[in-house]
Number of protein chains: 10
Amino acid sequence: MSLRAELTEKIVRLKIERELSWSGLAALAAGLSKEFVTAGLLGQMALPKAAAEAIGAALGLEPFEIRLLQEPPYRGSLPTAVPTDPLIYRFYELVSVYGTTFKALIHEEFGDGIMSAIDFRMDLQREPDPNGDRVAITMSGKFLPYRSY
Amino acid sequence: MSLRAELTEKIVRLKIERELSWSGLAALAAGLSKEFVTAGLLGQMALPKAAAEAIGAALGLEPFEIRLLQEPPYRGSLPTAVPTDPLIYRFYELVSVYGTTFKALIHEEFGDGIMSAIDFRMDLQREPDPNGDRVAITMSGKFLPYRSY
Amino acid sequence: MSLRAELTEKIVRLKIERELSWSGLAALAAGLSKEFVTAGLLGQMALPKAAAEAIGAALGLEPFEIRLLQEPPYRGSLPTAVPTDPLIYRFYELVSVYGTTFKALIHEEFGDGIMSAIDFRMDLQREPDPNGDRVAITMSGKFLPYRSY
Amino acid sequence: MSLRAELTEKIVRLKIERELSWSGLAALAAGLSKEFVTAGLLGQMALPKAAAEAIGAALGLEPFEIRLLQEPPYRGSLPTAVPTDPLIYRFYELVSVYGTTFKALIHEEFGDGIMSAIDFRMDLQREPDPNGDRVAITMSGKFLPYRSY
Amino acid sequence: MSLRAELTEKIVRLKIERELSWSGLAALAAGLSKEFVTAGLLGQMALPKAAAEAIGAALGLEPFEIRLLQEPPYRGSLPTAVPTDPLIYRFYELVSVYGTTFKALIHEEFGDGIMSAIDFRMDLQREPDPNGDRVAITMSGKFLPYRSY
Amino acid sequence: MSLRAELTEKIVRLKIERELSWSGLAALAAGLSKEFVTAGLLGQMALPKAAAEAIGAALGLEPFEIRLLQEPPYRGSLPTAVPTDPLIYRFYELVSVYGTTFKALIHEEFGDGIMSAIDFRMDLQREPDPNGDRVAITMSGKFLPYRSY
Amino acid sequence: MSLRAELTEKIVRLKIERELSWSGLAALAAGLSKEFVTAGLLGQMALPKAAAEAIGAALGLEPFEIRLLQEPPYRGSLPTAVPTDPLIYRFYELVSVYGTTFKALIHEEFGDGIMSAIDFRMDLQREPDPNGDRVAITMSGKFLPYRSY
Amino acid sequence: MSLRAELTEKIVRLKIERELSWSGLAALAAGLSKEFVTAGLLGQMALPKAAAEAIGAALGLEPFEIRLLQEPPYRGSLPTAVPTDPLIYRFYELVSVYGTTFKALIHEEFGDGIMSAIDFRMDLQREPDPNGDRVAITMSGKFLPYRSY
Amino acid sequence: MSLRAELTEKIVRLKIERELSWSGLAALAAGLSKEFVTAGLLGQMALPKAAAEAIGAALGLEPFEIRLLQEPPYRGSLPTAVPTDPLIYRFYELVSVYGTTFKALIHEEFGDGIMSAIDFRMDLQREPDPNGDRVAITMSGKFLPYRSY
Amino acid sequence: MSLRAELTEKIVRLKIERELSWSGLAALAAGLSKEFVTAGLLGQMALPKAAAEAIGAALGLEPFEIRLLQEPPYRGSLPTAVPTDPLIYRFYELVSVYGTTFKALIHEEFGDGIMSAIDFRMDLQREPDPNGDRVAITMSGKFLPYRSY
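Since the structure is predicted, the reported quantities are computational estimates derived from the model, not experimental observations. Counting starts from 1 at the beginning of each chain's written sequence and moves along it residue by residue. Written order decides the labels, with chains lettered from A and ligands numbered from 1. Since the coordinates come from a predicted model, pLDDT governs what is reported: local features require at least 70, and pairs of side-chain atoms require 80 or more to be given and counted, while whole-chain, interface and lining totals use all residues. Remark: hydrogens and water are excluded; side-chain values derive from all non-hydrogen atoms of the structure.

Student: Can you explain the overall build of chain A? Please cite residues and give values.
Tutor: Helix and strand content of chain A: six helices and two strands. We count a stretch as a helix when DSSP gives it H or I for four or more residues in a row; a strand needs E for two or more, and each element gets its number in order from the N terminus. In chain A, the succession of α and β elements from N to C terminus is α-α-α-α-α-α-β-β. On the principal axes, the C-alpha backbone points of chain A span a range of 50 × 50 × 30 Å. When accessible area is computed with a 1.4 Å probe and restricted to protein chains, residues below 20% of their type maximum are described as buried, those above 50% as exposed, and intermediate ones as partly exposed. Across the 149 residues in chain A, those meeting the buried criterion constitute 60%. In this tally, Asp and Glu contribute negative charge and Lys and Arg positive charge; neither His nor the terminal groups of the chain are included. Charge placement uses NZ in Lys and CZ in Arg. For Asp and Glu, CG and CD serve respectively. Each charge class in chain A was averaged separately, 16 positive and 19 negative side chains, and the resulting centres sit 4 Å apart.

Put into C-alpha cells, the structure is as follows:
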C-alpha cells in the first residue's frame, strides 16, 4: 500500500471514530467545495496548504501527513478497472452506455476535441422529487479542441 | 456483428452521406431530447414507435430496421472495458478519480443506496466562457436506497 | 486489506472459534433476515445500528468496529471477476448461460428496463426432495423501467 | 460466428419480423416452460425433438437448423466475462455482492457442497406491488454434497 | 492472505521442517485417500473431524486451526487464471486442447449434461513403463443430465 | 477464422446433417481411438494419412481439406482462457481446485518434473452405477523429470 | 470492422499499390505536418476539408470516404492494450519505465496538472549520428493545471 | 513489495520530509541529467556508484540501500498495464493514438527497424507560451534496423 | 483480418496445396536463412525485394502481394498474450521460468542493458541424440547497454 | 508472498550485501551450470542436496531454508503475464514474433510434437563482436512427438 493510500485509510478511520462528515471537514477549507476536498482526503487531489493544515489539525495528522496531502497523488481510486461497488458501477455503466452519445453530441456542438477532466469542476446535490429524491450532478469541463498542425 | 450493431453502422453511414445531424434527427422525434434519441440511434436505447418511424422514414430504413430500433438493445457501446477514445476516456477517468468521492458524498447525503442509471436523464449544453467554452452536463438519477429486510 | 475486509476476517475467525452460526447471529438482529445480516457481517451491507450493536456485543467487537459495520461498504465480495469457488461459480454460470434469457423474458413481460439489485430481497431455503434435497432461492427485485426523456 | 450463434441471430430476426413472443413460441413446445425454451432458442439449451420441430416449423427453419437446435450447444450467452448490458449486469452484481453469503448460508444449511446449475429449474414471474411491480424469480437446484473418498 | 491460506502455508512449512510426506499424513486419516486429504491440507477440501484432529495433532496445530480445516474453504488453489507452474499448466493444456473432445464424446455417450466435479473422485498412481514410468490418473465423476422443465 | 477452424466447422455441420457419430467416424480410422480421432476432427490433432483419407472420403471433403487434417494444427480449442461451457468448465475447475494437489502428489511419487501432455493418452468410458452412471476417464502421461545440468 | 477502419485499410492498400509515401501524401495538404496527416490517414485524426479532398482525389477515394476522413474518429490505433509490434512497444515501454519520472518532473516544474495530449503537436526527424542515426522526436503539449474549486 | 520498491518508497518519504526536489537531488550527481537520476531514484535505472553514494549520503540511506541503487532494477514503474494516473495516461494515450503513425513514419524514413528505448535519452523542459506554458519533451533513440540473415 | 494476415493465410494454403516446404521456399531466397524467410512468409519480417519476387513467382502471388511482403508488418504472430499452442507455449514457459535468470546472468556478464531482439539472428537445428533427438536453437542478439545521460 | 518467494528475496539481499556473484555461487555447486543454479536460487528449480547445502552454508541460510531450496517450487518467475522488464520482455517478444516460425520449422523437421521445456538445458555466453559484443544463448530441448493412440 502506497504512503498516500495508507494516509487515506487513516483519514477514513479517524472520520468514523470521531463521527465527522466529509462536508464538515470540507467546511474547514475556506473557499473549497465539498467535492474537491473530499477527493483530496480520499487521495485523489492535492490539497492547498491552508486546507491541508486546517483539516490535518482537526484530524490530528502528523506533519509529514499534512505535507503528503499537498502532493499530487498517483490518481485512480478504484481497485479494479471495472468497479465492483454498485454505486460506482452505475457511473461506469453510464460511460459504457452513453459513451458514444457523449462523443457524438460533443463533436456535433464543438467539433473535434474533448471535455477536459482536468479543467473540470462538479457539484453534487439532492434534487427533491415527489417520486423519490434524485441525485443531481452538474459537471463543467473546458472544451479542448484538437488542432491540426 | 449483431443485428443492432449493423443497423447502428448503417445509420452512421447514412447520417454522413446525407449530411444530417444528431440534433436534427432528434428534432423529428417530438418530445424527446437529443441525448435520448442519439443514444437510441447509436444502439443503446429502445426508441418509442413514433420516433422510430419518423426517423426511419427520414433515413429510408427498412420496416425490419424500424422495428429493431424499438427493441431493447444489448447495451454497452464500447469495444473495450477501458475506452481508448480520448473523449470517452475522460469520462472513464472521472469515474476512476472521483468514484470514491461520489460514493462518500452520496452516502453522506442520502444514506446507503445508489444513483439510478435507469431512472436517469441527462442534458449536455455549451457553457460560454471567456477562457474557452465549456461542456456542461447535468445528470439526474433517482436515489435508490438499500433497504434491510 | 481494507478496514472492512479486516473486520470481516475477524468476524469469520470469531464465529469459528466460538462455534456460532450465521443464522444464530442473525437471530440477534430483530426483524432482519439471515440473508441480509450475513451479507452485512461479510462486509457487503450496512447493518442498522441496533443489529450492529447486538451482534457486536455478542462477538466482543470494539466500538470502532461496531460503527464500521454500519457504514456502507465498498461492495464486491469476490477476489476475481470470474469466481473460482465452485459454489459461487455455479451462480456465475447461471448468469452466463441464462443471461440473455433473463433479458428476453423480463423485456417481454415488463418492457425495457431492469430488475433492481438494490430494491431487492432474497430468501434461501432447503426444499426437501426424495431425489435429494434442493436449494430453493427466491429473489424479488423491483422492475425499474427505462423512460424516454 | 459459430453455426449455433448464426442460428440464434436468425431466430431473433424472424421473431421480430413476425412479431412473435418468446412465450408464444414456448407455448408450441408442449410441457416445457418459457424459461427453458427461450434459453434453447437463444442457443443455450438443447431442445427436445418435438419442441424443435414445432417451433422450427412455425419459424420456417431449415431441416439442418431444426436438428442443430437439438444439439447440446457450446454454452455461454455473453460476449464478455463481466456483462455490459445493465439488465444482465444486475444479476452479475448479485453474484459479486451476495456470493460469499450464498456460500455461507448454503454450507450452514447443507454442509459442504454446491447448488447444481444443471439439475436446476427456474421460474420468472411478475409480482404485483403497489410501489411498482417486481420481478420474482424462483430457482431450485439440487444440492450436491462434496463427499470425502 | 485469508485465514485458510495462512494455515496452508503453515502446514507446508511444518511438513518440510518435519520431513513428512503427504501420503504419510493422509495415512493418519483412516479411510480417506491421499488425494482427498492432500487437497484438504492444501486448503481445497473440508476435512472430516477425525481426520482434522489426527493430522492436526501430528502437526501440532492450534485448536482453531483444526476447526478451520473442517470448514468448507473458498476453493481455487492457483494464483492466476492460467497457471504458470509447468506441472499444473499441463493439466490446463489438456483442458484447452481436449476440451471440445471431452464435450463431444460425453454428449455422444450420455446426452446433454456434464461430468460432476463435486460427486467426483480420483486416483493418481505410478504406471511402470520400460520407456519411462507414467503418471496414471483415473477420474470418476457422476454424469449429471440437463433436464428440460 | 483460420483455415483449420473453418474445416472444423464444416465437419461439425456435415456430421449433424448426415447424422453421423464421432465414434462412428473414428471406427473408419483403423487402430485409432475415438478420443484421438475426435480431437483430430475438432482441429486439435494431426490425423495420420490413412485416417484422414478414410474419414475425408466418408464426409466428402476436398483434397486440400484432407491434407489439412494431416497438418499439425495451432492447438487450443476454446474461445476464452476460462471456458464458459459448463461441461468443459468442470475440467477447468478440477485444475483450479486440484492443481496444487496434482503437483504435491506427483512430486512426492516421482520427484521434480511433470506429467507429459504430449506423450499422453486417454480413454473415456461410461461407468455404470446404481446411483447414476459415471464418466470414467483414465489418463496416462509419461513422467518427465527435470534434470540438473 | 468499423467504417473508418475499412477506409484505413483501403488507404494502406492504395498507398502500396501506387508506391506513394506518407510524406508525399502529406505534402498535398498545404500547411499540415506529415505527423498530423499520417495520423489522419491512419484513422486517428479528422482531416480538414481541403486536405481530405486533395488527398482523396490523389488516391481516388469515393465522396463518402472523403467526408468520412473529416469526421472525428473513434481513436485508438492498436489492437491490444499492450502493443505487440516491437516498434510501437518501445514507446509503451518508455511510458512503463519513465511514467513515474514524467510525473515527478512535470509536477516539480509546473505543479499539479498534466501535459495535454489534445493541445499537442509533435515532430519526428532523423538525427544524424556517427554511431548510427537516431530518431529524434519533439513533443509539445500544453500544461493543464488542476485547479481547486 | 520488492526490496527496490521499498527503497523507492523510502526515498519518496525522505524527499517530502526533507523538502527536497528531484532536480536538487540530481544536481548531486555530477554530469547526469535530472531525467536519468529521477528515474534511478524511482527504481527504474541503475545509478552509477558516485551518484548513488552522493545522493545516498544526502538522504541518509544505509550502505545496502546505496548498493541497491546501483543494481539493474526489475523495471516497470506502473501498477497496471493501462495507467490510471491522468498525467501518465496521457502518454499512454499518445502511444495508443499515434502508435501506427510512429510506425509508418519511422519505417518511411529509416526502413524496417525500431527506435531504441535503451540507447535513449530524453529531456523535459518548460516551453513558455502566451497561451499557457507547454511541456516540451525531446526524445532521442538510436535507430536499430532489422537485418535479414 | 489485416491485409498481411490474409496474405499469410493464402501462403499457408498454397504451401499445403502445392506440397512445398518452408526450407524449400527459403532456398529460393539466395543468402537468407530458413528462419528469417519463414518468419517473413508468416507475416513477421519484411522480405528483401529479390526474395519476395522469387518466392512470389514460385507461389503465383499477385504483384500487390509481392510488394506487401516487402513492407514492415505489424508484428505479433499469436492470437493471445499467453499462447495456447503447446509447442509455442513451451517457449513462453521458458521466459516465465527463466526470465529472472536471463536477467541476472546477462547483467552479471554485461552490466545493465538488454539483449537486442532486433539486431538478432537465430538458427534452429536437429541435434541427434541416442535418447531421442533434440531441438537445438542458437540465438545471438547484440548487447545494448543502458547508458546514463 | 510464498515461503519460497521470501527465500528468493533473502538470497538476493544477501548476495548484494556480501558482494557475491551468481556464477560465484554456482561454482560452489560442483558439476552444475550457472544457468541451473541461478534459476534455483531465484526460486525456479529444485537444487540437489549438495548444492543447496554448499550454497546455503556460504550464504548463512537456516536449515529450513536449505531444505526449501531442494523442494520443487511453484514455478513462474514473473509478476505479470506480459513481462514489464525490458530485458525479459525482449524474450517475450521473440516468442510473440517468432512463435509461428518456431512451430513451422520444428514441425517441418521433426513432425508433430514439441520441444521439451523440461528435458532442457541452456547456456548463455558473451560472443565477442567488433560491432559490439553479443549475447549468445544455446538451447537444447528434447523433441517430444505427439503419437496417435
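Student: Lay out the packing of helix α6 (residues 86–110) of chain E against helix α3 (residues 34–41) of chain F with the relevant residues and their values.
Tutor: Axes here mean lines fitted to C-alpha atoms, for a helix over just the part in contact, with angles spanning 0 to 180 degrees between N-to-C directions. Interhelical geometry of α6 of chain E versus α3 of chain F gives an angle of 115 degrees and a closest axis separation of 9 Å. Remark: the crossing between α6 of chain E and α3 of chain F carries right-handed chirality. Residues Y98, T101, A104 and L105 of chain E of α6 of chain E touch α3 of chain F, and the partners they reach there are K34, E35, T38 and A39 of chain F. Looking at side-chain class alone, the contact of α6 of chain E with α3 of chain F contains four nonpolar, two polar and two charged residues. Each helix crossing is assigned a hand: it is left-handed if the near helix lies turned anticlockwise from the far helix by less than a right angle, otherwise right-handed if that turn is clockwise. Contacts were defined at the residue level, with two residues in contact if any of their heavy atoms lie within 4.5 Å. Charged residues are taken to be Asp, Glu, Lys and Arg, nonpolar residues to be Ala, Val, Leu, Ile, Met, Phe, Trp, Tyr, Cys and Pro, and polar residues to be all remaining types, Gly included.

Student: Lay out the relation of the copies chain E and chain C with the relevant residues and their values.
Tutor: Residues reaching a pLDDT of at least 70 in both copies supply the C-alpha atoms on which the copies are superposed by least squares. Screw-axis analysis of chain E against chain C gives a translation of 0.0 Å along the axis, an RMSD of 0.0 Å, and a rotation angle of 72 degrees. The symmetry that links the two subunits is that of a five-fold axis. Of the C-alpha atoms belonging to chain E, the one lying closest to the rotation axis is found on M1 of chain E, 7.6 Å away. Of the interface residues in chain E, just 7% have counterparts in chain C that sit at the interface too, so the contact is made through distinct surfaces.

Student: Kindly report on the UniProt feature "domain: Cyanate lyase C-terminal" (unreviewed entry) in chain A, identifying the contributing residues and their values.
Tutor: UniProt positions are given in the numbering used here, feature names are shortened, and annotations may be inferred rather than shown by experiment. Per the UniProt record, "domain: Cyanate lyase C-terminal" (unreviewed entry) is annotated on residues 77–149 of chain A. Along residues 77–149 of chain A, the helical share is 34% and the strand share 37%, with 35 Å between the first and last C-alpha atoms.

Student: Go over the pairing of strand β1 (residues 113–127) of chain A with me, naming the residues and quoting the values.
Tutor: Any two strands with at least two DSSP bridges between them are considered paired. Across 11 bridges, the pairing between β1 of chain A and strand β2 (residues 134–145) of chain A is antiparallel. Of the residues in β2 of chain A, the one forming a bridge with E127 of chain A is R134 of chain A.

Student: Let's hear about the sheet that holds strand β1 (residues 113–127) of chain G: which residues, and what values?
Tutor: Across the sheet, which stays open at both edges, the four strands sit in the order β1(G)-β2(G)-β2(H)-β1(H) with antiparallel pairing between neighbours. Edge positions in the sheet fall to β1 of chain G together with β1 (113–127) of chain H, since each of these pairs with one other strand and no more. With direction set aside, neighbouring strand axes in the sheet form an average angle of 20 degrees. Both strand β2 (residues 134–145) of chain G and strand β2 (residues 134–145) of chain H contribute to a ladder of nine bridges, which runs antiparallel. The residue of β2 of chain H that forms the bridge with T138 of chain G is T138 of chain H. Sheet strands touched by helix α6 (residues 86–110) of chain H: β1 and β2 of chain G together with β1 and β2 of chain H. Its angle to β1 of chain G, the strand with the most contacts, is close to 20 degrees.

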